[in-house]
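Working through the structure, step by step
Read off the chains here:
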Amino acid sequence: MFLRVDKLQVELPAPKRQDPNAGAALQELLGGKYGEMSTLGNYMFQSFNFRSKSKLRPFYSLVASITAEELGHVELVSNGVAMLNNGPDEPGRDEKFGGDISNAPFEEMKDIRSAASFYSHAGGAIPVNSNSMSWNADMVTTTGNVIMDLLHNFHLECGARLHKLRVYESLTDANITGREVCGYLLVRGSVHAHAYALALKKITGVDLDKFLPTPNIPLGNIPECQKYLAEGSHRRLYTFSPSDYQEMRGIWGGGGETALPDDPPGELEVVDGLPDGGKIHDLTGVPSAFTPDYAPEEMFEIAAKLYQKSR
């Protein structure tokens with residue numbers, strides 16, 4: 001089962017301006033072919049369906065722990081999309097009356113790239129790609145054959161790397177929210193590709209990590225990756241559990257394996273638990289869009305009373 005912690009894996013900087021078209025671009029990292037919904041769906045169902053778990057524990061533990069991380073990646077990208085769609089916070093905006101809705105307060109929304117993200121979802125994230133095409137279960141591969149599934153996962157992570165690089169290249173350096181999402185996920189995706197390569201190496205003897213990085217763009221060339229490389233995130237896998245999934249140390253961090261040649265040097269390590277994480281951005285409400293409502297004062301009053309009772 002999963003333990004939920006009220007944090008993001010990393011803290012995202014607030015956007016400098018509302019940019020729903022950039023939010024639509026980031027949707028590709030959520031519901032695209034190689035997006036986080038695909039990586040989560042693949043690893044989650046592979047872990048559920050895994051045969052001979054007790055006898056193949058290192059491989060099962062690897063897929064299971066990465067599943068938990070991918071769930072957090074879905075949350076991270078979704079928050080980035082919503083932040084870009086919402087724009088900078090305006091203190092007190094969510095406490096105002098909804099105003100004159102006959103004056104077309106959202107005229108510009110009819111021309112945005114993914115208008116449904118506003119009309120149906122109030123600027124929130126949903127499992128679709130950058131063209132608002134729905135993610136679907138056809139993107140999940142779970143064959144029951146360990147080598148085939150691991151090989152598919154390796155391909156999926158390499159495809160996701162290309163995915164993220166292309167989205168990154170579509171965002172200007174002023175788009176600090178979207179670029180931060182891409183930078184962090186590029187580092188963590190590289191870790192996952194490396195992990196699946198090492199798992200396949202243990203089974204087959206084939207040194208797949210020589211294929212990495214694929215595509216061959218070193219993370220050192222991407223400014224938003226630097227702090228994660230400096231802290232050693234490229235060398236860590238997390239168990240996302242207080243005590244389970246220790247067996248993956250036999251694949252990652254237990255045999256003197258080191259970071260990829262283009263990354264800062266150091267031995268691979270498994271970290272018990274989860275990253276320190278960062279706070280979740282508190283999106284300001286927009287009463288004129290009925291989020292959370294047209295005149296939310298009564299809601300806030302009720303919530304405040306309930307909060308006091310809980311203390």
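Use the structure listed above.
Below, the structure is looked at part by part. If you're wondering where the values come from, they're calculated on a predicted model, not measured in any experiment. (Residues numbered from 1 in each chain as written. Predicted model: local features only at pLDDT ≥ 70, side-chain atom pairs only at ≥ 80, totals over all residues. Heavy atoms only, no water.)

1. Digging into the packing of helix H5 (residues 146-169) against helix H6 (residues 176-204)
Just so we agree on the cut-off: Note on method: axes are straight lines fitted to C-alpha atoms, helices fitted across the in-contact stretch only, with angles between N-to-C directions ranging 0 to 180 degrees. A helix here means a DSSP run of H or I that spans at least four residues, while a strand means a run of E at least two residues long, and both kinds are numbered starting from the N terminus. Note on angle classes: values under 35 degrees are labelled roughly parallel, values over 145 roughly antiparallel, values of 65 to 115 roughly perpendicular, and the remainder oblique. A clockwise turn of the near helix away from the far one marks a right-handed crossing, whereas an anticlockwise turn of less than a right angle marks a left-handed crossing.
Put simply, H5 and H6 touch, their axes get as near as 9 Å, and they point 160° apart. As far as their axial angle goes, H6 and H5 are roughly antiparallel. Of the two elements, H5 crosses H6, and the hand of that crossing is left-handed.

2. Section: the packing of aromatic side chains
Defined as follows: Classification of ring pairs rests on two measures: the distance between centres of Phe, Tyr or Trp rings, Trp counted by its six-membered ring, which must be within 6.5 Å, and the angle between planes, read as stacked under 30 degrees, edge-to-face over 60 and tilted in between. Classification of residues uses two cut-offs on accessible area relative to the type maximum, computed with a 1.4 Å probe and protein chains only: under 20% is buried, over 50% is exposed, and between them is partly exposed.
Per the counting criterion, the structure on display carries 10 aromatic pairs. Note on phenylalanine 97 and tyrosine 294: the rings are 4.8 Å apart at their centroids and 70° apart in plane angle, and the pair reads as edge-to-face. Here phenylalanine 97 is found in the loop between helix H3 (57-86) and helix H4 (116-119), whereas its partner tyrosine 294 is found in the loop between strand S2 (269-271) and helix H8 (297-310), with 197 residues between them in sequence. Given a relative accessible area of 56%, phenylalanine 97 falls into the exposed group. Ring pairing ties together the aromatic residues Phe50, Tyr60 and Tyr245, which thus form one cluster.

3. As for the environment of arginine 57
Within the secondary structure, arginine 57 is located in helix H3. Taking the C-alpha atoms as reference points, arginine 57 and methionine 248, 191 residues apart in sequence, are found 7.7 Å from one another.

4. A few points about a nonpolar patch on the surface
Operational definition: What makes a patch is a set of residues exposed beyond 30% relative accessible area and free of salt bridges, joined within 9 Å when like-charged and within 5 Å when nonpolar (Val, Leu, Ile, Met, Phe, Trp, Tyr). A 1.4 Å probe and the Shrake-Rupley method give the accessible areas. Residues count as covered only by the protein chains that appear here. Should a side-chain nitrogen of Lys or Arg be within 4 Å of a carboxyl oxygen of Asp or Glu, the pair is scored as a salt bridge.
A cluster of nonpolar side chains, contributed by Phe2, Phe45, Phe48 and Leu71, occupies part of the molecular surface with about 380 Å² of accessible area. The class of leucine 71 is partly exposed, set by a relative accessible area of 36%.

5. Some points on the pattern of salt bridges
Following the criterion strictly, the structure yields 17 salt bridges and no others. Residue arginine 4 is joined to glutamate 75 by a salt bridge in which the shortest nitrogen-to-oxygen separation is 3.3 Å. Of this pair, arginine 4 sits in the segment before helix H1 (20-31) while glutamate 75 sits in helix H3; the two residues are 71 residues apart in sequence, bridging distant segments of the chain. A network of salt bridges, in which partner residues are shared, links Lys201, Asp207, Lys210 and Glu257.

6. Considering H5
The condition is simple: An expected span of 1.5 Å times one less than the residue number is assigned to each helix. Between N or O atoms, a polar contact is any pair within 3.5 Å; within protein, one atom must be a potential hydrogen donor and the other a potential acceptor, and residues adjacent in sequence are included only when both atoms are from side chains.
Between its first and last C-alpha atoms H5 spans 35 Å; for 24 residues at 1.5 Å apiece the expected length is 34 Å, and the two agree. N-capping of H5 is provided by asparagine 145, with a side-chain oxygen placed 3.2 Å from the backbone N of isoleucine 147.

7. Quick look at the side chain of glutamate 180
The criterion, for reference: Only heavy atoms matter for contacts: two residues are in contact if any of them lie within 4.5 Å across the pair.
The topology assignment puts glutamate 180 in helix H6. The residues contacting glutamate 180, other than those within four sequence positions of it, are Glu11, Leu12, Pro13, Glu224, Lys227 and Tyr228.

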